[in-house]
Amino acid sequence: MDALAVRKGEHEPSVIDIPEPEPEAGEVLVRTLRVGVDGTDREVLEGGHGEFPEGEDHLVLGHEAVGVVEDPNGTEYEAGDVVVPTVRRPPNGENEYFERGEPDMAPEGKYYERGIVGAHGFMAEYFTSPAEYLVRIPAEQAPLGFLIEPISITEKALEHAVASRSAFEWNPESAAVLGNGSLGLLTLAMFVHTHPFDRTYCVGRRDRPDPTIEIIEELGATYVDSRETPVDELPTEYEGMDLVYEATGYAKHAFQTIDALAPNGVGALLGVPEAWEFEIDGGRLHEELVLHNKALVGSVNSGVSHFEAASDSLASLPDEFLDSLVTGVHGLDDWEAAFADDDTTIKTAVEFSAYEER
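All of the points below concern the structure found in this document. Computed from a prediction, not measured in an experiment: that's the story for all the values here. (Residues numbered from 1 in each chain as written. Predicted model: local features only at pLDDT ≥ 70, side-chain atom pairs only at ≥ 80, totals over all residues. Heavy atoms only, no water.)

**Comments concerning the packing of aromatic side chains**
Turning to step 1, where the next piece is worked out: This structure, assessed with the given rule, holds nine aromatic pairs.
Turning to step 2, where the next piece is worked out: Measuring from ring centre to ring centre gives 5.4 Å for Tyr250 and Trp276, while their planes differ by 55°; the resulting arrangement is tilted. Pair noted here: Tyr250 is in the loop between strand E15 (241-246) and helix H7 (251-260) and Trp276 is in the loop between strand E16 (261-269) and helix H8 (282-291), with a separation of 26 residues, a long-range link.
Turning to step 3, where the next piece is worked out: For Trp276, a relative accessible area of 41% puts it in the partly exposed group.
Turning to step 4, where the next piece is worked out: One aromatic cluster is present, formed by Tyr250, Phe255, Trp276 and Phe278 through successive ring pairs.
Turning to step 5, where the next piece is worked out: Seen from the ring of Phe278, Lys252 lies directly overhead, with NZ or CZ sitting 5.7 Å from the centre. (Phe/Tyr/Trp six-rings, centres within 6.5 Å; stacked < 30°, edge-to-face > 60°. Helix = DSSP H or I, 4+ residues; strand = E, 2+ residues; numbered from the N terminus. Buried < 20%, exposed > 50% of the residue type's maximum accessible area, 1.4 Å probe, protein only. Lys NZ or Arg CZ within 6 Å of the ring centre and 35° of its normal.)

**So, unusual backbone geometry**
Turning to step 1, where the next piece is worked out: Cis rather than trans, the peptide bond between Arg208 and Pro209 has omega equal to -5°.
Turning to step 2, where the next piece is worked out: Inspection of the secondary structure puts Pro209 in the loop between strand E13 (199-204) and helix H5 (211-218).
Turning to step 3, where the next piece is worked out: Its identity as a non-glycine residue notwithstanding, Asn73 has a phi of 55°, on the positive side.
Turning to step 4, where the next piece is worked out: With respect to the secondary-structure elements, Asn73 resides in the loop between strand E5 (64-71) and strand E6 (82-85).
Turning to step 5, where the next piece is worked out: What makes Asn73 partly exposed here is its relative accessible area of 30%.

**Thoughts on the environment of Gly109**
Turning to step 1, where the next piece is worked out: Relative to the helices and strands, Gly109 is located in the loop between helix H2 (96-99) and strand E8 (112-114).
Turning to step 2, where the next piece is worked out: Residue classification places Gly109 among the exposed residues on the basis of a relative accessible area of 66%.
Turning to step 3, where the next piece is worked out: When the C-alpha positions of Gly109 and Pro90 are compared, they lie 9.7 Å apart, and in sequence the two are 19 residues distant.

**A short note on a negative patch on the surface**
Turning to step 1, where the next piece is worked out: A surface patch of like charges, here negative, comprises Glu43, Glu46, Glu274, Asp341, Asp342 and Asp343.
Turning to step 2, where the next piece is worked out: Positionally, Glu274 belongs in the loop between E16 and H8. (Patch = residues over 30% accessible without salt bridge, like charges linked within 9 Å, V, L, I, M, F, W, Y side chains within 5 Å. Areas by Shrake-Rupley, 256 points an atom, 1.4 Å probe, with all protein chains shown as cover. Salt bridge = Lys/Arg side-chain N within 4 Å of Asp/Glu carboxyl O. Lys, Arg positive; Asp, Glu negative; His and termini not counted. Charge placed at Lys NZ, Arg CZ, Asp CG, Glu CD.)

**Quick word on the sheet that holds strand E9 (residues 118-119)**
Turning to step 1, where the next piece is worked out: Pairing in this open sheet of three strands is mixed, and the strands run E7-E8-E9 from one edge to the other. This sheet does not close on itself; its edge strands, each paired only once, are strand E7 (88-89) and E9.
Turning to step 2, where the next piece is worked out: As paired strands, E8 and E9 are joined by two bridges and run parallel to one another. Bridge assignment links Glu113 to a residue of E9, and that residue is Gly118. (Pairing = 2+ DSSP bridges.)

Take a look at the structure:
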């Protein structure tokens, strides 16, 4: 079968021929419909993130997948079920995080991530997965089911941010999303329609006219150009934020978020920065956290419950927003277009087969 993979020593994907997988006991065979492309995929290609499966000279890409059950193999699923797979798998046997059903809380070395770290991804005509790592979704979500994984990342981050404020009555009204890439725009739409805030902002570094700025304003949010208003000056120019969601991987944003927050506010950090040394006033920022009851939480990956919540959230997002967000779905004969990185590309996917309702 065809698969889209990166080989060791290379930095561009290629279509390769690999054997069709056979499900083991407890596993399901899934026919792949579509797989989303995101910044992590590009980091894997560049060699800045990820790890090849042991003993393999290639890594099948892709972690944002939606597919159809081809062979339930004696599991709870039925042929024709539309499913999305979670990403993490136990490395060489179970460990306490997977036994507790909390793979998303496992530290480095305690997990594989399909299409990223130590395990092949989903960009192939078929894939297998243990049944417990699949989430059934409504058939009508088959075309855009590849968005459920990124939405689940925000579901988890928001869950942890809210939990950090659970010791007192917290009624957030304002939220700022740092980053106007596809994850930032999905999160902003969720903050408008799914987990609504009264006032929303999105911080980016793009000039008008720009399709992402148009989406931001169509959502009713305020676009903030960080070249004119840095993140730490948001309270001066706009207002202190009850929640800041960082999706840039720009290391200074983690510290600027502290100043951007209103008293009792929380910042959720999701970007993974490169090493970078710079000066900060650590004492002042420490004082700001303490005296104003602010918090920062880090969040990565997501679990089954977050995927389930993400399916509900996807159902709540307006069609016009989704139509603007997804700028291309490309077949294997045109896979290069799915990896384009330009000002007109927002969210893309590679299509391996079409959905046919049974």
